[in-house]
Amino acid sequence: MAIDWSKIEQKPEKEAKVEGTVLLQFRSKIQDQTVEITNLKDEVAKLEGNKASLEGNLANANAKIKNFESQVAGLNGTVAKKDGDIKGLNDVKASLEAKIKVLDGDIASLKKTIAGLESDKSGLQSEKEDLTSKVAMLGQKIEGLEGQLGGEKQSGDKKAGEIAALNGKINDLNSQLNSAKSNISDREAKIAGLEQTKNQLNAKVSELGAKISSLENGLAAKDADIQKNVAQIEELSVKVSGLQGTVSEQDAKIKELEPVTGTEFGGGERVVCPMCGNVDIKKIEDKTKVLSYVGHVPIYAKKHVCKRCAFEFS
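Here's a quick rundown of the structure. Computed from a predicted structure; not experimentally measured. (Residues numbered from 1 in each chain as written. Predicted model: local features only at pLDDT ≥ 70, side-chain atom pairs only at ≥ 80, totals over all residues. Heavy atoms only, no water.)

**Some points on the overall build of the protein**
Scanning the protein from terminus to terminus reveals three helices and three strands. The order of helices and strands in the protein, counted from the N terminus, is α-α-α-β-β-β. The buried share among the 314 residues of the protein stands at 23%. For the protein, the accessible area works out to roughly 21,600 Å², and carbon and sulfur atoms hold 52% of it. (Helix = DSSP H or I, 4+ residues; strand = E, 2+ residues; numbered from the N terminus. Buried < 20%, exposed > 50% of the residue type's maximum accessible area, 1.4 Å probe, protein only. Areas by Shrake-Rupley, 256 points an atom, 1.4 Å probe, with all protein chains shown as cover.)

**Thoughts on the nonpolar core**
Formed by 16 residues in total, the largest nonpolar core has its most connected members in Leu103, Leu110, Leu201, Leu208 and Leu215. Excluding anything up to four places from it in sequence, Leu208 contacts Leu103, Asp106, Ile107 and Leu110. Counting 11 residues, the second largest nonpolar core, distinct from the first, contains Leu166, Ile170, Leu173 and Ile184. (Core = buried A, V, L, I, M, F, W, Y, C linked by side-chain atoms within 4.5 Å. Contact = heavy atoms within 4.5 Å.)

**Description of empty space enclosed by the protein**
Considering all chains together, one arrives at one cavity of 30 Å³ or more under this definition. Taken together, Ile114, Leu117, Glu118, Lys121, Leu194, Glu195 and Lys198 make up the lining of the largest cavity. When residues of the lining of the largest cavity are assigned to their parent elements, the largest contribution, four residues, is made by helix 2 (residues 20–154). When the residues that make up the lining of the largest cavity are grouped by side-chain class, the tally is three nonpolar, no polar and four charged. (1 Å grid on protein atoms, 1.4 Å probe; cavity = no way out; pocket = protein on both sides within 12 Å on 5 of 7 lines; lining within 4 Å. Points joined across faces, edges and corners; volume = space filled by probe spheres on them. Nonpolar A, V, L, I, M, F, W, Y, C, P; charged D, E, K, R; others polar.)

**A short note on the side chain of Ser28**
Positionally, Ser28 belongs in helix 2. By relative accessible area, which is 9% here, Ser28 ends up buried. The contact partners of Ser28, leaving out residues within four places of it in the chain, are Ser292, Val294 and Ile299.

**Things to note about the environment of Leu89**
Mapping Leu89 onto the fold places it in helix 2. Sequence spacing of Leu89 and Leu219 is 130 residues, and the spatial spacing of their C-alpha atoms is 9.3 Å. In contact with Leu89, other than residues within four places in its own chain, are Lys222, Asp225, Ile226 and Asn229.

**Section: the pairing of strand 2 (residues 297–306)**
Summarising burial for strand 2: seven of the 10 residues are buried, a large majority. Where strand 1 (residues 281–294) meets strand 2, 10 bridges bridge the pair, whose relative direction is antiparallel. In the sheet register, Ile281 faces strand 2, and the bridge partner there is Cys306. Hairpin connection between strand 1 and strand 2: a loop of two residues separates the two successive antiparallel strands, and Gly295 in this loop has a positive phi of roughly 70 degrees. For strand 2 and strand 3 (residues 312–313), the ladder comprises two bridges, and the chain directions are antiparallel. Looking at strand 3, one finds that His304 is bridged to Phe313. Turn length for the strand 2-strand 3 hairpin, with the two strands adjacent in sequence and antiparallel, is five residues, and the turn residue Ala310 shows positive phi of about 65 degrees. (Pairing = 2+ DSSP bridges.)

**Concerning the sheet that holds strand 2**
Read across the sheet, three strands follow the order 1-2-3 without closing on themselves; strand pairing throughout is antiparallel. Strands at the two margins of the open sheet, each flanked by one partner only, are strand 1 and strand 3.

**Description of unusual backbone geometry**
Positive phi, close to 65 degrees, is recorded for Ala310, a residue that is not glycine. By secondary structure assignment, the location of Ala310 is in the loop between strand 2 and strand 3. Relative accessible area serves as the criterion here: at 53%, Ala310 is assigned to the exposed category.

**A short note on the layout of surface pockets**
By volume, the largest pocket is sized at about 610 Å³. Along the wall of the largest pocket there are 24 residues; nearest its centre are Glu36, Lys283, Leu291, Ala301 and Lys302. Elements supplying a minimum of two residues to the lining of the largest pocket: helix 2, strand 1 and strand 2. The element best represented in the lining of the largest pocket is helix 2, accounting for nine residues. Split by residue class, the lining of the largest pocket holds 10 nonpolar, five polar and nine charged.

**What to know about the state of the cysteines**
As enumerated under the stated definition, the model contains zero disulfides in all. The cysteine Cys276 is free of any disulfide, with Cys306 supplying the nearest cysteine sulfur at 3.7 Å. On the basis of relative accessible area, Cys276 is assigned to the partly exposed category, the value being 30%. Between Cys309, a free cysteine, and Cys306, which holds the nearest cysteine sulfur, the sulfur-to-sulfur gap is 3.7 Å. (Disulfide = S-S within 2.5 Å.)

**Considering the pattern of salt bridges**
Under the definition given, this model contains 13 salt bridges. For the salt bridge of Lys81 with Asp85, the shortest nitrogen-to-oxygen distance reads 3.4 Å. Placement of both Lys81 and Asp85 in helix 2 is noted, with a separation of four residues, approximately one turn of the helix. Since its relative accessible area comes to 31%, Asp85 is described here as partly exposed. Of the charged contacts in the structure, one is a salt bridge between Asp286 and Lys303, with a shortest N-O distance of 4.0 Å. Taken together, the residues span a long stretch of sequence, with Asp286 in strand 1 and Lys303 in strand 2 at a distance of 17 residues. For Asp286, a relative accessible area of 7% corresponds to the buried category. Here Lys303 falls in the buried class, since its relative accessible area comes to 15%. It is possible to trace a salt-bridge network through shared partners that takes in Glu285, Lys287 and Lys302. (Salt bridge = Lys/Arg side-chain N within 4 Å of Asp/Glu carboxyl O.)

Here it is in structure tokens:
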């Protein structure tokens, strides 16, 4: 005998006759649902424990990520500082190279001046040799004239006029000799001045050469610093890449550890269709799974059916 639910709803205070079979079915269903609820509560407790564990893992992973991000930020700052240092070193290197070019030009100009002085010196030495030769010739002429003068004195007054003329020539030659000696002194003074100027220029060239060597050594040191900084930047880049890979791995682990947003168990959460993600689900009897019998009446298990895609799942 079926229960007339409409009459019971109209007069809930009135007693209703119910067959024992129906009561047994209800009792069996209540027992099954009680067992199912107990199992679901156990599952919920287990899931809550898993959730707490996952949340702890997630918190640890987030802390590691923050630590990695802090390290990456520090490394990025170090890389930026190294880039600034390299830029400054490159500027210093460019300035030193410009100074070296200027000094090279000065050295070339000084070498050209020294070559000109060498040429002037050679010309003055040639003039000095010519004047020395002329002085020697004049000396010889004077000696010859003095010899002639001695011979002429023996001839008496007859040669007086010739002697006077010879004395005049001697005076002229002496004047030329003195002039030649004066020119030689001037030339020697000029040569000494040129030698002094040449020594000064050579000293300046040596000084500039020392400066260039010092600048080149400085450039070599700067290049070494630049290469060292570049190597450190490459090493930091490798570390940053490794940290980024670690962060990516942690992100992947966190995604794996994140709890599923839907479950078919209690706790106030909705059942989610694993096929389409729909939450509009109905629960029906699974005719293929018989849990027990009440007399000859089978008690079936339950299954879920998605109202959107009609997918069936337990």
